[in-house]
Amino acid sequence: MGAGKSTLGRALAERLGRPFVSVDDVVEERAAASVADIFERRGESAFRELEEEAAIDLLARRRLSVVEIGGGGLTSAATRAALVESAFTIHLETTAAEAWGRVGESGRPLARDPDEFRLLFEERRALYERSDGSARDLDGAVLAAAGVHVCAGGLDHIGELVPGSGPVELVVDEHVDSFYGERARAALGRRLTAAHLVPAGERAKTAGEAKRLWSALRLGRDGTIVALGGGSTIDLAGFSAATYVRGVTWATAPTTLLAQVDAGIGGKTAIDLPEGKNLVGAFHWPARTIVDPDTLATLPASEIENGRAEVVKTGLLAGEPLWELELPDQVRRCAAFKAAVCLRDPFDRGERRQLNLGHTFAHALEAASGYSLSHGHAVALGLLGALRVSGLEDEARRVEEILRPLPATVDRDLAWEALDRDKKAEGRRPRLVLLEAAGKPRLGVEVEPKLVRSVLESLIA
Ligand SMILES: NC(=O)c1ccc[n+]([C@@H]2O[C@H](COP(=O)([O-])OP(=O)(O)OC[C@H]3O[C@@H](n4cnc5c(N)ncnc54)[C@H](O)[C@@H]3O)[C@@H](O)[C@H]2O)c1
Ligand SMILES: [Zn+2]
């Protein structure tokens, strides 16, 4: 009570594109009386009965929604069982003093005396702590719902943060292993039954490496794969988790900026084929993503630049200069943005495509360079391209100032062919993600091929 559930719950529902339902509202509607009236006339136990009935009915509907339930509701064992059965519960953290500040003297039945209020708060604390996740703000609630845990020093706690209690096998980038392998092993403790080193970076994303992992894994269905490394390791490990014994649980501790704000979130996994990148894969959401921004300390500057391009992309989509924040905050805000988009569209059927902003140009430039151009560099140019096609010259100049991408030295015709091939697969004319304004993406916009080509050429040296 007084944690700010109604306000945050409504905002969360809006961000996730789901309806918001309050158990109290349902009780009031059914009883045609206010909660305060029910307390007054019929007593607390009558209210608790109505509350239990309403909560169980709501949960039995199993509709994707955000449900607000008060701390008192958790005193019912039947409600708690229904929550375990059909909900992901988020405990909204607050202190007794903060909560009293919000509801003290508001006339609510259980908030009339500060001492009693504090006692009740302490009494119920144990119930709250059984929640599936906890949060202090809206981003925190989104992250909790997506299974993402952002915390400096989190690497030392992955043992507690990886869900379940079964055996764990670690899949780790061989280079990252030399920095963080020991800490991860120590933190996983006795749950760790094997560790598999995979080649550093993109070289891990091959069918050969997937096959090697399938043969080496010894996990049963109760086991968990934990991926430690950047997007490449995560993609390989996630794909292996999706396919091995028809799917095992997996978790990841991403160690690059790109993976902390992008690849470690949302459940897309893939390996490359000689015919192209990410051609074989699966949707398989990690049960936990443990983001420790401290691990970025050892990341080479070029890899930070790679991630920064996606951070700027996220800021443009969110309509906020997220790239200006200090790293830990930046990571948290960007991760929450991606998490919300992916929770709204987990299978990439609609609005998740906004995350491709700038990527049509980027993919064409990467392909034309024979993949010698880094993804970050290509995305930086791609964002310029998307902003120019969108007619947002000011934003384009801003991105140029922030990321300073040099024009790509690639063959113009090759780049155009790559873009054209990419887009022909989807329809006849190029369709791009554009921005109406910062924070207002437009998906699948048909654009004149001539305009696309001239903007593409403006990105080439
Ligand atoms: N699944 C998704 O949703 C998704 C999204 C974006 C990108 N990706 C994929 O991610 C891959 C790129 O991943 P990436 O950019 O994270 O890099 P990466 O995994 O390829 O690693 C890049 C390099 O950084 C090193 N490294 C990683 N963490 C380090 C650390 N903390 N300190 C020092 N060195 C470190 C690695 O050893 C490697 O040499 C691409 O294959 C891309 O397709 C996937
Ligand atoms: Zn990208």
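All of the points below concern the structure found in this document. (Residues numbered from 1 in each chain as written. Chains lettered and ligands numbered in written order. Predicted model: local features only at pLDDT ≥ 70, side-chain atom pairs only at ≥ 80, totals over all residues. Heavy atoms only, no water.)

**Describing the overall build of the chain**
Inference 1: Helices and strands together make up the secondary structure of the chain, namely 20 helices and 14 strands.
Inference 2: Computed over its C-alpha atoms, the radius of gyration of the chain comes to 25 Å, within 12% of the 23 Å expected for a compact globule of 461 residues.
Inference 3: Taking the principal axes of its C-alpha atoms as reference, the chain extends roughly 80 × 50 × 35 Å.
Inference 4: Per-residue burial over the chain gives 51% buried out of 461 residues.
Inference 5: A fraction of 72% describes how many contacts in the chain between residues 6 or more apart in sequence connect residues 24 or more apart. (Helix = DSSP H or I, 4+ residues; strand = E, 2+ residues; numbered from the N terminus. Rg over C-alpha atoms; globule rule 2.2 N^0.38 Å. Buried < 20%, exposed > 50% of the residue type's maximum accessible area, 1.4 Å probe, protein only. Contact = heavy atoms within 4.5 Å.)

**Considerations on the site of ligand 1**
Inference 1: Around ligand 1, a shell composed of 28 residues is seen, among which Glu 202, Gly 231, Ser 232, Thr 256 and Lys 268 lie nearest.
Inference 2: Within the side chain of Thr 298, an N or O atom sits 2.8 Å from a nitrogen atom of ligand 1.
Inference 3: For ligand 1, the accessible surface in isolation is 880 Å², of which the surrounding protein chains cover 87%.
Inference 4: Going through the elements one at a time, helix 10 (174-188), helix 12 (231-243), helix 13 (257-263) and strand 11 (276-283) are the ones with two or more residues in the shell around ligand 1. (Near = heavy atom within 4 Å. Polar contact = N/O pair within 3.5 Å; in protein donor to acceptor, adjacent residues only side chain to side chain. Areas by Shrake-Rupley, 256 points an atom, 1.4 Å probe, with all protein chains shown as cover.)

**As for unusual backbone geometry**
Inference 1: Positive phi, close to 60°, is recorded for Asp 348, a residue that is not glycine.
Inference 2: If you trace the backbone, Asp 348 turns up in the loop between helix 15 (327-344) and helix 16 (359-368).
Inference 3: The class for Asp 348 is buried, based on a relative accessible area of 18%.

**Side note on the coordination of the zinc ion (ligand 2)**
Inference 1: The zinc ion (ligand 2) binds to the protein through Glu 310 (OE), His 359 (NE2) and His 375 (NE2); the donor distances cover 2.0 to 2.1 Å.
Inference 2: All donor residues of the zinc ion (ligand 2) come from one chain, and their arrangement in sequence is E-x48-H-x15-H. Separated by 65 residues along the polypeptide, Glu 310 in helix 14 (residues 301-318) and His 375 in helix 17 (residues 375-389) bring together distant segments of the chain. (Donors = N, O, S within 2.8 Å, 3.2 Å for Na, K, Ca; no water.)

**Concerning the side chain of Thr 252**
Inference 1: Within the element layout of this structure, Thr 252 appears in strand 9 (residues 249-254).
Inference 2: With relative accessibility at 1%, the residue Thr 252 sits in the buried group.
Inference 3: Sequence-distant contacts of Thr 252, defined by excluding residues within four places in its chain, comprise Ala 227, Ile 234, Gly 264, Pro 286, Arg 288, Thr 289 and Ile 290.

So far we have only geometry, and geometry alone does not tell us how the molecule works.
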